[in-house]
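# Structural description and commentary
Listed here are the chains, written in short residue letters.
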Amino acid sequence: MAKEYTDENSYAIDCLAAATGTLLDPDYNARNFESMIGFEKSFQKVCSSFILFVKSMGDREQALKYASRENFLEFFTNRKNGEATNEEYGVIDLLYNRIQYNKENNNADLKEPGLLTERLATARKKINLSKTASQILNSDTFKTSPVTWSEKYFEDLQKNLNDALESENDQETGLMFADDIAKFYSGTLDKRENGEYYSFHNKVFDELITEGPTPGHGGIIGGSTGMGKSALCLNVINDCINADAPVIYFPIEMGVENTLDRLASMRTHIPFKTILKLGRQDEIQDAREILDHEILALKAHTNFAIVNDSNINMRKLEMYIKQFQAKLPGRKHCIVFIDLLLLVAEFFDEKDGSMAQMIEKAINKLDLLAKKLGVHWVGVVQLNRTVEQDKVLTEQNIDKLRPTRSSVKNSAALLERARWAITIFRKRYFADLYLDEAEAQKIEDVAEIQLMKANDEQLGRRYMNFDGPTFTMTPRLTKEEQIVEAAMA
């Protein structure tokens, strides 16, 4: 039976939900909102047209923006074969004002498409279980008077209902038959052809990690103390910020204030030490004004978030990521940087098993969480200090300090689950530490970024110039790129 509407506002909201639902499920409109189509009242005509208008757009991302008021008005008048009345204009204004209201208030009434999908799946499951339970209770076996119910009756009934529940859950295991596989892979190829890909938006990372930050997986950035692990991490994050690619940062070790100082230095090219000395006489001219301008610029990048919490566990990690995803428009894929990874509680405070077993359990939990939320995790880890035990007397000795896979702390447990692993090595850091000043200054400060592990990819390395005062890391040109640049000069 058709739902009776007396309130135009509630009808408009239902139509917005219907318009979103039809994009996610072709049958959604038919099951839940077909009764809206064709009503004679003006506001119902406008809203039913709005549902059909959104369905007709085809492209989900475009449709989620509901096009423009002008486009819809043209669609409506063509469908009506006449001009809109004053009452119909009022309903159109109500629809588009509601859309704007929802955007400004984080979809206060119009639910996020992802949440709507979850609710649809949950509703279907409940309906199916309800039908199954009803069929069981109306079967000859269980259709008896309550006064005759015995303990065995209850046991059998419970077993049948549990079997029905398990059967319903089994439908969500992801089992794909030939038709499902063909449809899924064809859709994947279509997305790639239409420009969908996963990128770190960083030249070095994208060259080394071909498949990019794919959802449901993760990787490791490893390095000794002082190598610039966090700086490398923050440089990639900064590239994501500039590309408006969703990225969330957990600076567990460094803290938010120090992180923002470094990010500001990186983005403004004001030396880090100058920012720390802000207000003193030796600061550069207009430093505060430049930093204030950068603060305003960062406010425009709403796809970036930092977590100000040093006590992180898996439960909090999931909570913060979900809060971040709730603010993202459209798809929920994002890159999650965790610095340092082994400071997440599950990596150090479990009581059972060895250290290796504890880390293996924790990294498995993290990987499952990434698959559940559709995100890509990047964990920053320390290298074993054994790499520094050799006595360093010459530049040649420093070369022996280059990291290997076994240099990564608890490497077996971490690298087993990580999709990729990268290490950072800076010869200049060790030169400043062990050699005399004159000898150290002859060595360029270059970060060697080496891919230590990757699935079905060729291992390799890239080089980046490291600017210590601002923590900025810029890719060095390859010989081929140098030749091309020289030819174009």
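Quick note: structure is the one above.
The following paragraphs examine the structure supplied in this document. Since we're looking at a predicted model, the values are computed, not measured.

### Describing the overall build of the protein chain
- A tally of helices and strands in the protein chain yields 21 helices and nine strands.
- Burial status across the protein chain gives 42% buried among its 489 residues.
- Taking all contacts inside the protein chain whose residues are at least 6 apart in sequence as the whole, residues at least 24 apart take part in 68%.
- When the accessible surface of the protein chain is split by element, carbon and sulfur atoms take 50% of a total near 27300 Å².

### What about the sheet that holds strand β6 (residues 420-426)?
- Pairing is mixed across the open sheet formed by nine strands, whose spatial order is β3-β2-β4-β5-β1-β6-β7-β8-β9. Both outer strands of the open sheet, β3 (304-306) and β9 (472-475), are each paired with one neighbouring strand and no more. Geometrically, the sheet is characterised by an average inter-axis angle of 20° between neighbouring strands, direction not taken into account.
- Across six bridges, the pairing between strand β1 (residues 218-223) and strand β5 (residues 376-382) is parallel. Of the residues in β5, the one forming a bridge with Gly222 is Val381.
- The strands that helix α15 (residues 314-327) touches are β2 (247-251), β3 and β4 (335-339); relative to β2, the one it contacts most, it runs at about 150°.

### Some points on the pairing of β6
- Of all seven residues in β6, seven are buried; the element is thus mostly enclosed.
- Burial along β6 is two-sided: Trp420, Ile422, Ile424 and Arg426 facing one way and Ala421, Thr423 and Phe425 facing the other are all buried.
- Pairing of β1 with β6 involves four bridges; the strand directions are parallel. The partner of Gly222 across the bridge, within β6, is Thr423.

### Points about the packing of aromatic side chains
- Per the stated rule, a full pass over the model turns up nine aromatic pairs.
- Seen in terms of ring centroids, Phe430 and Tyr434 are 6.3 Å apart; in terms of plane orientation they differ by 5°. Their pairing is stacked. Here the residue Phe430 and the residue Tyr434 both occupy positions in helix α19 (residues 427-434), the gap between them amounting to four residues, near one helical turn.
- Among the aromatic side chains, those forming a connected cluster through ring pairs are Phe425, Tyr429, Phe430 and Tyr434.

### Brief notes about the packing of helix α11 (residues 229-242) against helix α12 (residues 256-268)
- Running from N to C, α11 and α12 cross one another at 65°; their axes reach a closest spacing of 10 Å. The two elements α11 and α12 cross, and the hand of that crossing is right-handed. Of α12, the residues touching α11 (which contributes Ala231, Leu234, Asn235, Asn238, Ile241 and Asn242) are Thr259, Arg262, Leu263, Met266 and Arg267.

### A word on unusual backbone geometry
- Following Asp339, the chain continues into Leu340 via a peptide bond in cis, with omega recorded as 5°.
- Summarising the element assignment, Leu340 is placed in the loop between β4 and α16 (355-373).
- Despite not being glycine, Asn81 has its phi angle at roughly 60°, a positive value.
- Counting through the fold element by element, Asn81 comes out in the loop between α5 (69-80) and α6 (86-104).
- Even without glycine at this site, Asp244 takes up a positive phi of about 55°.

### Topic: the pattern of salt bridges
- Counted by the stated rule, this structure contains 18 salt bridges.
- In this structure, Glu294 engages Arg267 in a salt bridge whose closest nitrogen and oxygen atoms are separated by 2.4 Å. Of the two residues, Glu294 sits in helix α14 (residues 287-299) while Arg267 sits in helix α12, which places them 27 residues apart along the sequence. In this structure, Glu294 and Arg267 share a single accessibility class: buried.
- With a shortest N-O distance of 3.0 Å, Lys427 and Asp399 are connected by a salt bridge.

### Describing α19
- Restricting attention to buried positions, one finds in α19 the residues Lys427, Arg428, Phe430 and Ala431. One side of α19 holds all its buried residues, which, seen down the axis, span an arc of 160°.
- Buried-residue contacts for α19 involve α17 (395-399), β6, α20 (437-440) and β7 (446-454).

### A closer look at α16
- Here α16 is 19 residues long and its end C-alpha atoms lie 27 Å apart, about the 27 Å a rise of 1.5 Å per residue gives.
- Buried residues of α16: Met358, Ile359, Ala362, Ile363, Leu366, Asp367, Leu369, Ala370 and Leu373, and no others. Buried positions in α16, seen along its axis, are confined to an arc of 165° and lie on one side of it. Among the exposed residues of α16, those oriented more than 90 degrees off its buried face are Leu368 and Lys372.
- Along its buried surface, α16 packs onto β1, α15, β4, β5 and α18 (411-417).
- Positive phi shows up at Gly374, right after α16, with a value of about 70°.

Conventions used here
Residues numbered from 1 in each chain as written. Predicted model: local features only at pLDDT ≥ 70, side-chain atom pairs only at ≥ 80, totals over all residues. Heavy atoms only, no water. Helix = DSSP H or I, 4+ residues; strand = E, 2+ residues; numbered from the N terminus. Buried < 20%, exposed > 50% of the residue type's maximum accessible area, 1.4 Å probe, protein only. Contact = heavy atoms within 4.5 Å. Areas by Shrake-Rupley, 256 points an atom, 1.4 Å probe, with all protein chains shown as cover. Pairing = 2+ DSSP bridges. Axes fitted to C-alpha atoms, helices over the stretch in contact; angles between N-to-C directions. Phe/Tyr/Trp six-rings, centres within 6.5 Å; stacked < 30°, edge-to-face > 60°. Left-handed = near helix turned anticlockwise from the far one by under 90°. Salt bridge = Lys/Arg side-chain N within 4 Å of Asp/Glu carboxyl O. Arc of directions from axis to C-beta. Expected span 1.5 Å × (residues − 1).

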